[in-house]
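Here are the chains, one letter per residue:
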Amino acid sequence: MYGIKPILKQKDFLEMGELTPEQLADLLDLAGELKARMHAGYSDLPLKGKILGMIFEKNSTRTRVSFETGMLQLGGSAIFLSSQDSQLGRGEPISDTAQVLSEYVDGLMIRTHEHKRAQALAENATVPVINGLTDLEHPCQALADLLTIKELKGELKGLKLAYIGDGNNVAHSLLIAGALAGMHVICASPSGYEPSEEVVEAAARVAQDTGAKVEIVGDPYEAVENADVIYCDVWTSMGQELENEKRLKDFADYQVNEELTACAKEDYLFMHCLPAHRGEEVTASVIDSAHSVVMRQAGNRLHAQKALLVDLMATAR
């Protein structure tokens, strides 16, 4: 039963590395419980009267709709704040914003560029803060990803997840999350686009305790060999538009297509955090195939985030 004992010990959720393997497992269990209860109808509303302030300094579809929907389904409400429509866009310090908003709302979610802005928000807020995405990590996405894999494969430990492409925030969170879950996570990126060494080292330290395996390689075919899951993201993320032409050339050999996926297990899952650019990082024949679980994956953002919202906003610490 949710809402009795908190899973997370800390006030905020900013990085996957803040979790223990046990906390990750418990959050995924809670997400599954909330998903099942949604279809039956909630007999109680754990966030009744609670308000989530949502700060967006990057555009979004899935993050905004899933958080707002989650709050409504759990009995609460959400307020959308963009930098263009608030004093943040006029230079108000994030520390002041954090303290002021803490007077009004019961929790905050931020989707921004620099990770240090999310950290500053959390340090100065007296209410829980959730990282909806920064340039360093996308932890809510990783939670939804593991929930999806667990639902379809039945377990996480020992599974091989091959991430193909840019070693970005999505890759960072997957490396840590997979290590916490005891998975074999292998990332194939072109030279110069590998994941952060600091993140890789952190994931490797976690893997020593969980029996996981973390690898960074340059060959996508090596990465996907006998993979249970193949994952990719766009080659050019928000804020990198000026690099697009160069990135298209640098990542040309890293497209997820039928030739590459033939090296994976016959029952492999294809995952993508969306939005996808068919014909670039993945072909339509893969993302629209029976192996693709991208829509279920996107849907699970709602349930994974509801688990965070309930744990951080409905339980006493």
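Conventions used here
Residues numbered from 1 in each chain as written. Predicted model: local features only at pLDDT ≥ 70, side-chain atom pairs only at ≥ 80, totals over all residues. Heavy atoms only, no water. Helix = DSSP H or I, 4+ residues; strand = E, 2+ residues; numbered from the N terminus. Contact = heavy atoms within 4.5 Å. Salt bridge = Lys/Arg side-chain N within 4 Å of Asp/Glu carboxyl O. Buried < 20%, exposed > 50% of the residue type's maximum accessible area, 1.4 Å probe, protein only. Polar contact = N/O pair within 3.5 Å; in protein donor to acceptor, adjacent residues only side chain to side chain. Pairing = 2+ DSSP bridges. Axes fitted to C-alpha atoms, helices over the stretch in contact; angles between N-to-C directions.

Peer 1: Can you help me understand the environment of Phe270 in this one?
Peer 2: Relative to the helices and strands, Phe270 is located in strand β9 (residues 269-272). For the pair Phe270 and Thr112, spaced 158 residues apart in the sequence, the C-alpha separation amounts to 27 Å. Excluding its chain neighbours within four sequence positions, the residues that come into contact with Phe270 are Ile230, Cys232, Val256, Val282, Val286, Ile287, His291, Ser292, Val293 and Val294.

Peer 1: Please explain the pattern of salt bridges as it appears in this structure.
Peer 2: Think of it this way: side chains of opposite charge can pair up when their charged atoms draw near. Inspection of every chain in the model, using the stated rule, returns 16 salt bridges. Residue Glu151 pairs with Arg296 through a salt bridge whose shortest N-O separation is 3.0 Å. Residue Glu151 is found in helix α5 (residues 139-153), and its partner Arg296 is found in helix α12 (residues 294-313); the two are separated by 145 residues along the sequence. Under the relative-accessibility criterion, Glu151 is labelled partly exposed at 28%. Classification of Arg296 by relative accessible area gives partly exposed; the value is 38%. Among the ionic pairs, Arg278 bridges to Asp288, the shortest N-O distance being 2.8 Å. Taken together, the residues Arg278 in the loop between β9 and α11 (284-287) and Asp288 in the loop between α11 and α12 connect sequence positions 10 residues apart. Residue class for Asp288 comes out partly exposed when judged on its relative accessible area of 48%.

Peer 1: Would you mind going over the side chain of Thr236 with me for this structure?
Peer 2: Locating Thr236 in the fold gives a position in the loop between β8 (229-232) and α9 (244-250). Given the relative accessible area of 14%, Thr236 is considered buried. Within the structure, the side chain of Thr236 is placed 2.8 Å from the side chain of Asn244, a separation counted as a polar contact. Apart from the residues within four sequence positions on either side, Thr236 is in contact with Glu241, Asn244 and Arg247.

Peer 1: Sorry if this is basic, but what is going on with the sheet that holds strand β5 (residues 160-164) here?
Peer 2: Remark on secondary structure: sheet strands pair via backbone hydrogen bonds, oriented parallel or antiparallel. The sheet built from five strands is open, its strands ordered β7-β6-β5-β8-β9 with parallel pairing. Whereas interior strands pair on both sides, the edge strands pair on one side only; in this sheet they are β7 (213-217) and β9. For this sheet the average axis-to-axis angle between neighbouring strands, irrespective of direction, equals 20 degrees. Docked against the sheet, α5 engages β5, β8 and β9, running at close to 165 degrees with respect to β9. Along the sheet, α12 makes contact with β8 and β9, crossing β9 at roughly 50 degrees.

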